[in-house]
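Close look at the chain arrangement
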Amino acid sequence: MSAQDTPPAVELHVHVEGTLEPELILELADRGGVALPYVDLDDLRARYAFTDLGHFLELYYANMAVLRTAEDFAAMTTAYLDRAAAGGVRHVELFVDPQAHLARGVPLAAVLEGVSGALAAAPAGMTTGLVPCFLRDRPAAEALEVLDALVRADVPLLGIGLDSAEVGHPPADFAEVYARARAEGLHLVAHAGEEGPAAYVTEALDVLGVERVDHGIRSLEDPALVRRLAEAAVPLTVCPLSNVRLRAVDTLADHPLVAMLDAGLAVSVHSDDPAYFGGYVDDNHRAVADVLGLSLAQVRTLADNAVEAAFVDDTRRAELRAEVATWAAAQESAPTS
Ligand code: ADE
Ligand code: ZN
């Protein structure tokens, strides 16, 4: 696939803090007078070789030190939306980690004002939604307090998610949080089966009642779960470049994406933390198409699955379906090189 040959994208798995590019980290630090432990850009970039999720999360949380004001959050979000639009994103459901900022003394209002304000001014034609995630390695009681504050805040919320260090932090710990969010009419998603076991995917479905699973690649270890996910068409938001960079898989060529498609799972491709993992959603599509040798039909299925998994109304879903169909028709009639 070459430039412009990736499908119109529906980005359902991207953490806004994971879009903070190294250049912007240094610029915001400079602007805000924040001291960072890096001598320069090369020094910062040299730290992007991760051994696992925990190793990545250390840097991810440390770099958030530069996010202090609503303007900082707006600058990060606007930079992401501009890059996303250039990469063909038509709809984005954006994760944000409020507790990571509250823990540093940044008021929730600054986070929400900055991110939501930027989303409200998204590039023409792009639709957006905000999905705050709770940090599963912090107490559920704290998540409940933050959920209350989020619901009271005067910003539109699409749903809630669950992220951060997975192993040892099962979904069931957050049963009450999810029950309350459901009662508030929010959509429910959770990271599960990224580094954690297939049993966490089952638990996220059974105990939390999630509508989508983020990652879910380890579901393949449980054939009964695979059958269930396929039969119920539960969307799995898979992030191939992330899985390689966090060593959930050895190389992209070893990625189970095709096995997941072949098993009839409702998988779609997303970026997770694009500034850290070497690519935005278009880069992820291009990489899997090239390395896994995906057919146009397989790429189309991935794009269609993302459209079906989006939390949008019927009118918007029909528009997104039509954009993918138009793109696929153009690909079919394009001369092959
Ligand atoms: N927070 C940001 N990126 C994450 C990931 N890939 N898994 C869990 N938590 C995250
Ligand atoms: Zn993620």
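Quick caveat, the model's predicted, so the values are computed rather than measured. (Residues numbered from 1 in each chain as written. Chains lettered and ligands numbered in written order. Predicted model: local features only at pLDDT ≥ 70, side-chain atom pairs only at ≥ 80, totals over all residues. Heavy atoms only, no water.)

1. Observations regarding the coordination of the zinc ion (ligand 2)
Ideal coordination angles are 109.5 degrees for a metal with four donors arranged tetrahedrally and 90 or 180 degrees for a metal with six donors arranged octahedrally. What counts here: Counted as coordinating are nitrogen, oxygen and sulfur atoms within 2.8 Å of the metal, or 3.2 Å for Na, K and Ca, while water is not included, which may make sites look incomplete. Tetrahedral means four donors with every angle between 85 and 135 degrees, whereas square planar (four donors) and octahedral (six donors) require angles over 155 degrees between opposite donors and between 65 and 115 for all others; sites fitting neither are termed irregular.
The protein atoms that coordinate the zinc ion (ligand 2) are His 13 (NE2), His 15 (NE2), His 191 (NE2) and Asp 272 (OD), at distances of 2.1 Å. What the four donor atoms of the zinc ion (ligand 2) show is an angle range of 85 to 170° at the metal, which sorts the shape as irregular. Donor residues for the zinc ion (ligand 2), ordered by position in the chain, follow H-x1-H-x175-H-x80-D.

2. Here's the deal with unusual backbone geometry
Note the following rule: Segments assigned H or I by DSSP are reported as helices when at least four residues long, segments assigned E as strands when at least two residues long, and all are numbered from the N terminus. Here the term buried applies to any residue with accessible area under 20% of the maximum for its type, exposed to any over 50%, and partly exposed to those in between, with areas from a 1.4 Å probe on protein chains only.
One non-glycine residue, Ser 164, lies in positive phi territory at about 80°. The topology assignment puts Ser 164 in the loop between β4 (159-163) and α8 (175-183). Judged by its relative accessible area of 7%, Ser 164 is buried. One non-glycine residue with positive phi stands out, namely Asp 272, at about 70°. Looking at the secondary structure, you find Asp 272 in the loop between β8 (266-269) and α13 (274-277).

3. Here's the deal with the packing of aromatic side chains
Worth spelling out the cut-off: Geometry of aromatic contacts follows a simple scheme: Phe, Tyr and Trp rings, the Trp one being its six-membered ring, pair when their centres are within 6.5 Å, and the pair is stacked under 30 degrees between planes, edge-to-face over 60, tilted otherwise. Our definition puts a charge over a ring when NZ of Lys or CZ of Arg is within 6 Å of the ring centre and also within 35 degrees of the ring normal.
Taken as a whole, this structure holds 11 aromatic pairs when the rule is applied. Considering the side-chain rings of Tyr 60 and Tyr 276, the 6.2 Å spacing of their centres and the 75° angle between planes classify their relative orientation as edge-to-face. Of this pair, Tyr 60 sits in helix α3 (residues 53-63) while Tyr 276 sits in helix α13, placing them 216 residues apart in sequence. Per residue, the accessibility class of Tyr 60 equals that of Tyr 276, and both read buried. Judged by centre distance (6.2 Å) and plane angle (20°), the ring pair of Tyr 80 and Tyr 280 falls under stacked. With Tyr 80 in helix α4 (residues 70-86) and Tyr 280 in the loop between α13 and α14 (281-292), the pair connects residues that are 200 residues apart, well separated along the chain. Accessibility assignment for this pair places Tyr 80 and Tyr 280 in one class, buried. The aromatic ring of Phe 311 is capped on one face by Arg 212, whose charged end is 4.1 Å from the ring centroid.

4. What about the environment of Tyr 178?
Note the threshold: The contact criterion used is simple: two residues touch if any of their non-hydrogen atoms lie within 4.5 Å. Polar contacts, as counted here, are pairs of nitrogen or oxygen atoms within 3.5 Å of one another; within protein the pair requires one atom able to donate a hydrogen and one able to accept it, and residues that are adjacent in sequence qualify only if both atoms are side-chain atoms.
Here Tyr 178 lies in helix α8. When the C-alpha positions of Tyr 178 and Val 131 are compared, they lie 13 Å apart, and in sequence the two are 47 residues distant. Sequence-distant contacts of Tyr 178, that is, excluding residues within four places in its chain, are made with Ile 160, Gly 161, Leu 162, Leu 188, Val 189, Ala 190, Leu 208 and Val 210. In this structure the side chain of Tyr 178 is engaged in a polar contact, spanning 3.3 Å, whose partner is the backbone nitrogen of Leu 162. Among the polar contacts listed, one links the side chain of Tyr 178 to the backbone oxygen of Val 189, at a separation of 2.7 Å.

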